[in-house]
Amino acid sequence: MSNPFTNIESLREAIAGKNETDALAALAGLFPGRVVFSSSLGYEDQVITDFIFRNNLDINVFTLDTGRLFEESQKTLQRTNKRYDTHIKTFYPDRDQVEKLVSEKGPYSFYDSVESRKECCFIRKVVPLNRALKDAAIWVTGIRAEQSGNRQAMEKLEWDEGHQLYKFHPLLDWSFDAVKDYVKTNHVPYNPLHDKGFVSIGCAPCTRAIVEGEDFRAGRWWWEDESKKECGLHAR
């Protein structure tokens, strides 16, 4: 893939008109063993997890454990593994990096500044993600356009220059209600925090419930300006 755009149009043509599951199956067939899905165990990702395991797709599913997750998120992973009789691979941060960060700056340095918060996200999320994406050709995500302003311009299939692979967002044009309806209709395991006002769920110290009328991402890094609310996983 020395020229990333040589065949992106042909890939888009290969999935054009297909539903989400068939599109995932087509991409998995084109890149055997090299399609991966990163799950945060939230509503959207649980829908895609169901697509993959219900249809036995050749897609490797993994999750990132930052060391600061809610207990409810951990239990969601356990229930998901049991439901689909699988073992979702878990990637952890580098121990030495975490020890250095906490020893030098304390366990809550991310509240000090945007730079400190991004440093924590980098160590706990971005570094293990890079390990998880090694040798992958396509990275499947649960991104939806309505989640934030900078995601509305995304294409369903796009080239990620930073990671040198393609990204596929099968739920990009789904509404939040459509996601919830799918979970309910298909009895998909989901994080019980969703029932308590938590819409987007990340690390426990950095996530709160939202109230009616608040933006979808208001509960993530609520102490920061809205325009800065990305952790670096999907930097553009």
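The model shown is predicted, which means the values in this text are computed figures rather than measured ones.

### Some words on the state of the cysteines
Each disulfide consists of a covalent bond between the sulfur atoms of two cysteine residues.
Here comes step 1: For the structure on display, the rule yields zero disulfides.
Here comes step 2: Of all cysteine sulfurs, the one in Cys 121 lies closest to Cys 120, which takes part in no disulfide; the gap is 6.0 Å.
Here comes step 3: Residue Cys 120 is classed as buried on the basis of its relative accessible area, which comes to 9%.
Here comes step 4: Given the relative accessible area of 7%, Cys 121 is considered buried.

### A closer look at the packing of aromatic side chains
Any pair of aromatic rings gets described here by the distance separating the centres and the angle formed by the planes.
Here comes step 1: In the structure shown here, the tally under the stated rule is 14 aromatic pairs.
Here comes step 2: Measuring from centroid to centroid gives 5.5 Å for Tyr 43 and Tyr 190, while their planes differ by 25°, and the two rings are stacked. In this pair, Tyr 43 is assigned in helix 3 (residues 43-54) and Tyr 190 in the segment after helix 7 (176-185), connecting sequence segments 147 residues apart.
Here comes step 3: The buried category is assigned to Tyr 43, whose relative accessible area is 7%.
Here comes step 4: On the basis of relative accessible area, Tyr 190 is assigned to the partly exposed category, the value being 27%.
Here comes step 5: With a centroid separation of 4.9 Å and 90° between ring planes, the pair formed by Trp 222 and Trp 223 is classed as edge-to-face.
Here comes step 6: Judged by relative accessible area, Trp 222 falls into the partly exposed class, the value being 36%.

### Description of the UniProt feature "binding site: [4Fe-4S] cluster" (unreviewed entry) in the protein chain
Here comes step 1: When the UniProt feature table is mapped onto this chain numbering, "binding site: [4Fe-4S] cluster" (unreviewed entry) sits at Cys 120, Cys 121, Cys 203 and Cys 206. A maximum C-alpha distance of 11.0 Å places the annotated residues, which cover 87 residues in sequence, within one compact spot.
Here comes step 2: When you line up the elements, Cys 120 lands in helix 6 (residues 114-132).
Here comes step 3: Here Cys 120 is in contact with Leu 101 and Phe 110, once residues within four sequence places are set aside.
Here comes step 4: Looking at the element boundaries, Cys 206 is found in the segment after helix 7.

### Some remarks on helix 3
Here comes step 1: A rise of 1.5 Å per residue sets the reference length of helix 3, with its twelve residues, at 16 Å; its end C-alpha atoms lie 16 Å apart and thus fit the reference within 8%.
Here comes step 2: Summarising burial for helix 3: eleven of the twelve residues are buried, a large majority.
Here comes step 3: Taken together, the buried positions of helix 3 are occupied by Tyr 43, Glu 44, Asp 45, Gln 46, Val 47, Ile 48, Thr 49, Asp 50, Phe 51, Ile 52 and Phe 53.
Here comes step 4: Its buried side turned inward, helix 3 meets helix 2 (20-30), strand 1 (35-39), strand 2 (60-64), helix 4 (71-84), strand 4 (138-140) and helix 7.

Cut-off values and rules
Residues numbered from 1 in each chain as written. Predicted model: local features only at pLDDT ≥ 70, side-chain atom pairs only at ≥ 80, totals over all residues. Heavy atoms only, no water. Disulfide = S-S within 2.5 Å. Buried < 20%, exposed > 50% of the residue type's maximum accessible area, 1.4 Å probe, protein only. Phe/Tyr/Trp six-rings, centres within 6.5 Å; stacked < 30°, edge-to-face > 60°. Helix = DSSP H or I, 4+ residues; strand = E, 2+ residues; numbered from the N terminus. UniProt positions renumbered as here; feature names shortened; annotations may be inferred. Contact = heavy atoms within 4.5 Å. Expected span 1.5 Å × (residues − 1).

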